[in-house]
Each structure stands twice: as structure tokens, then as C-alpha cells.
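So the chains spell out like this:
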Amino acid sequence: MDRFSNILLKWYDENARELPWRMTNNPYFIWLSEIILQQTRVEQGMSYYFKFVKNFPTVFDLAKASEEEVLKNWQGLGYYSRARNLHSTARIVANELNGKFPQTYKELLKLKGIGPYTASAIASICFDEKTAVLDGNVFRFLSRYFDISTPIDNNQGKKEYQLIANSLISSDRPGDFNQGMMEMGARICKPKKWLCSSCPFQNSCLARKNKRIDQRPIKSKKLKVKERKISYLVCEWNSKLLFRKREHKDIWQGLYDFPEKHDHLDNLLGKENFSIINSPVPMTHILSHQKLLIEFQHVRIIDPSLIRLKGNWASKKVDSGLPLPRAIEKYLSDKMA
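Undergrad: Explain the overall build of the chain residue by residue, including any values.
TA: A tally of helices and strands in the chain yields 14 helices and 7 strands. Here the chain, with 337 residues, has 48% of them falling under the buried criterion. Long-range contacts, defined here as pairs at least 24 residues apart, represent 67% of the contacts in the chain between residues at least 6 apart. Summed over its atoms, the accessible surface of the chain is roughly 17600 Å², and 48% of this surface lies on carbon and sulfur atoms. Across the chain, 54 positive and 36 negative side-chain charges occur, with their mean positions spaced 5 Å apart.

Undergrad: So, the packing of helix 2 (residues 27–36) against helix 6 (residues 81–96): which residues are in play, and what are the values?
TA: The geometry of helix 2 relative to helix 6 is characterised by a closest axis approach of 10 Å and an angle of 160 degrees between their N-to-C directions. For the element pair helix 2 / helix 6, the angle class is roughly antiparallel. Between helix 2 and helix 6 lies a crossing whose hand is right-handed. Here W31, L32, I35 and I36 of helix 2 come into contact with helix 6, specifically with R82, L86, T89 and A90.

Undergrad: Pulling in residues and values, what's your account of the packing of helix 2 against helix 3 (residues 42–55)?
TA: Put simply, helix 2 and helix 3 touch, their axes get as near as 10 Å, and they point 140 degrees apart. When you trace helix 2 past helix 3, the crossing you get is right-handed. On the side of helix 2, the interface is formed by F29, L32, S33 and I36, while helix 3 contributes G45, Y48, Y49, F52 and V53. Partitioning the contact of helix 2 with helix 3 into residue classes produces 7 nonpolar, 2 polar and no charged.

Undergrad: Requested: an account of the packing of aromatic side chains, with residues and values cited.
TA: Summed over the entire model, instances satisfying the criterion amount to 23 aromatic pairs. Judged by centre distance (5.5 Å) and plane angle (75 degrees), the rings of Y145 and F201 are edge-to-face. Here Y145, found in helix 9 (residues 136–145), pairs with F201, found in the loop between helix 11 (174–187) and helix 12 (206–209); they are 56 residues apart in sequence, far enough to count as distant. F201 carries the same exposure label as Y145, and that label is buried. Between F258 and Y331, the aromatic rings sit 6.1 Å apart at their centres with planes inclined by 80 degrees, giving edge-to-face as the arrangement. Remark: Y331 occurs in helix 14 (residues 326–335) and F258 occurs in the loop between strand 3 (256–257) and helix 13 (265–269); sequence separation between them is 73 residues. Judged by relative accessible area, F258 falls into the buried class, the value being 0%.

Undergrad: For the pattern of salt bridges, give the residues involved together with the corresponding values.
TA: Pairs may arise between side chains of opposite charge once their charged atoms sit close together. The full count for this structure, using the stated rule, is 21 salt bridges. Between D147 and R212 there is a salt bridge; the shortest N-O distance is 2.5 Å. Here the residue D147 occupies a position in the loop between helix 9 and helix 10 (155–168), and R212 occupies one in the loop between helix 12 and strand 1 (226–237), the gap between them amounting to 65 residues. The exposure class of D147 is buried, given its relative accessible area of 12%. For R212, a relative accessible area of 28% translates into the label partly exposed. One salt bridge connects D250 with R228, and the closest N-O pair in it is separated by 2.6 Å.

Undergrad: An account of helix 2 is requested, with residue identities and associated values reported.
TA: With 10 of 10 residues buried, helix 2 is to be regarded as a mostly interior element. Listed in full, the buried residues belonging to helix 2 are P27, Y28, F29, I30, W31, L32, S33, E34, I35 and I36. Against helix 3, helix 4 (59–64), helix 5 (67–74), helix 6, helix 8 (116–127) and helix 11 lie the buried residues of helix 2. Capping the start of helix 2 is the job of one residue whose side-chain oxygen sits 2.9 Å from the backbone nitrogen of Y28: N26.

Calculation rules
Residue numbers restart at each chain and count upward from 1, following the sequence in its written direction. Per-residue local features are limited, in this predicted model, to residues with pLDDT of at least 70; the limit for side-chain atom pairs, both in listing and counting, is 80 or more; totals at the level of whole chains, interfaces and linings are taken over all residues. Hydrogens are left out, water is left out, and the side-chain values use all remaining heavy atoms of the structure. The secondary structure listing takes helices from DSSP runs of H or I that are at least 4 residues long and strands from runs of E that are at least 2 residues long, numbered from the N terminus. Think of it in three bands: residues with accessible area under 20% of the maximum for their type are buried, residues over 50% are exposed, and the middle band is partly exposed, with areas taken using a 1.4 Å probe on protein chains only. Any two residues having at least one pair of non-hydrogen atoms within 4.5 Å are treated as being in contact. For the accessible areas, the method is Shrake-Rupley and the probe is 1.4 Å, while residue cover comes only from the protein chains on display. In this tally, Lys and Arg are treated as positive and Asp and Glu as negative; His is ignored, and so are the chain termini. Charged groups are reduced to one reference atom each: NZ for lysine, CZ for arginine, CG for aspartic acid, CD for glutamic acid. Each axis is a line fitted through C-alpha atoms, taken for helices only over the stretch in contact, and angles between the N-to-C directions span 0 to 180 degrees. To sort the angles, those under 35 degrees are grouped as roughly parallel, those over 145 as roughly antiparallel, those from 65 to 115 as roughly perpendicular, and the leftovers as oblique. By convention, the crossing between two helices is left-handed when the near helix turns anticlockwise from the far helix through less than a right angle, and right-handed when the turn is clockwise. Amino acids are sorted into nonpolar (Ala, Val, Leu, Ile, Met, Phe, Trp, Tyr, Cys and Pro), charged (Asp, Glu, Lys and Arg) and polar (every other residue, Gly among them). Stacked, edge-to-face and tilted labels apply to pairs of Phe, Tyr and Trp rings (six-membered ring for Trp) whose centres lie within 6.5 Å, assigned for plane angles under 30 degrees, over 60, and everything in between, in that order. Salt bridge, as used here, is a side-chain nitrogen of Lys or Arg placed within 4 Å of a carboxyl oxygen of Asp or Glu. Contacts described as polar in this section are N or O atom pairs within 3.5 Å, which, within protein, must combine one atom able to donate a hydrogen with one able to accept it, while residues neighboring in sequence count only if both atoms come from side chains.

Here it is, written out as C-alpha cells:
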């Protein structure tokens, strides 16, 4: 186990990318980076990290911001519950914990939006706690190195992988070890086009020896993607569009999209109070668990006081100031530019 740790740390010391959050052990910046990088590639998340650090340089600044400000800064990154949880936890840390993050894995887990992976990352990197991280990169690397056939997406698999990771982690440098494991999976032991010739573990990797790299890791569950139809009314008046805030617990909660067409246009907009600008514009937008089949019906309103739809009239430019889902942002960029 010590040999594994020593090889990994030596490789990490020589090959680690110079990422901004690796230049600090401030838990606020580590926490920000870990939340942003969930389900997100480093190349995409980097600009968001810099944006948040610039606009919210301390946890107190983030706590004072409105939810709309936080969502606007998060716009385009997806999985918006991460941003809402980020904001909620910032308020708890700032207002209830005097701006100080808990220093142990168990205490960090009590904060909203911080699961085992993020708690392990913060605890090990910032406070040298010997607790191993498990993310997609680490699961993949371990499953191949030990040629493990246990699925990674059930409770038995998660427990098994956690035991293995905990047995390997360095006592002296737990934070660097965890980052090295993630770096190995992200840059060498990739899902496809793995780079065995550059891997320091190539001679001891069991999946490589057994010619099963392409079969690891194993998942028992297949994500079911449901189709969902949405018919939007894009109401224009005086060079502005009508946006509505999504309040209910659903996709894009807290963001702004357009009112939906749920009745005849005459009933929604007032008879002879509108003109149709063009036929419905179709768009397919893929989320992690839903395939959205969207139609945008663009109409021009004569008297906004006569329509039955509620919302905010705002600029039809993408940078209107409102936090927008990617599908709405794309429609505005393509059709309103």
C-alpha cells in the first residue's frame, strides 16, 4: 500500500496541473472549486471559478448575494441545485459559523450540498484528515487497477471501493494523494483513449494484464431519459420579452424562462391583441435525465395590460441580467441576435 502511495505521489509531484485552487488550502476556495467541478470538466469550470472568486471573494460576500445573483453567475454550468446549495451553505457558514468551515469530514457532511466526496476533498486538502475521495475518475482508476467487477453504482460497490481507497491513502499527504488519484483518472486512465504507456502503474494494473480495461468500471443501472414537451410563448412588446421565474421544484428552479402555452392564444393574450411573428421554432435540449422537446412561438403584443400571463418584461438580449437556462440563452442568441 505504501508503494502504491509513493508511486502516485511521485507521479503527481512531477505531472500535476497548476490549477488555481491548488495554490491554496483555504477551505472556501477548495469548496468553491469542488462544487463547480462536480459533473464539469476542469476546462469548462475554470472560468466559473475565477468569476465566483472575483465577484464573491469571501464566504461572507457569497452569503450576502441574492439567489438571482448567484444563479446568474452560475448560468450555463447546469445542475442549478448546486448553485442553490452553494448559496445556502455560504449563509450557514457566514451567519452561524462565523465564516469558518468545519474541519472534519463528519462535520462537513452536515452542510447542504456537501456529500462524501466533497467532504473528503475539503477535509484532506485543507485539514490533512486521512479520508479518501471517490469520484468518477477515482472509481474508474481503481476498478481498472484492481480489475474489480463489482458495480460502482450500488451500495455494496461504494463500500468496497471506499475501503480500498481508504487503505491506499497516504498518511502524510492525504490531500495530495486524493488530488493525485483524481488527476490520474482525468488525464491518464480516461474513459476512452486511456494512456497506459504514460501510466506509472502500467506493469501492475490487473485490468490491463487481463485485457479488460474497456470493461471497467461496471455499472448496474442504466439512466432512463424521459422525453418532455414544452411549448413556450415568446411574447414581445416594445422590444422587450416576457420572462417568468420558475418558482416550483423542477428543472431550472429560480431561473427565468418564457410563459408556457397552456390555452388558446386568444384566451391567454386577448383577442386581436397580438400578431404571430413566425411559426413555432423547434429545439431539442438534453439534460442528464430528460430530453426536452421545445417549441418557441414568437408573438408581438399590442397592449400588455390585456394579457393573462404574468412575468417580467426584460431585454431580449442574452445579457439582460436575468439568470437563464441554457436552452433559453441559446434561443435568444440564435433568434434574437
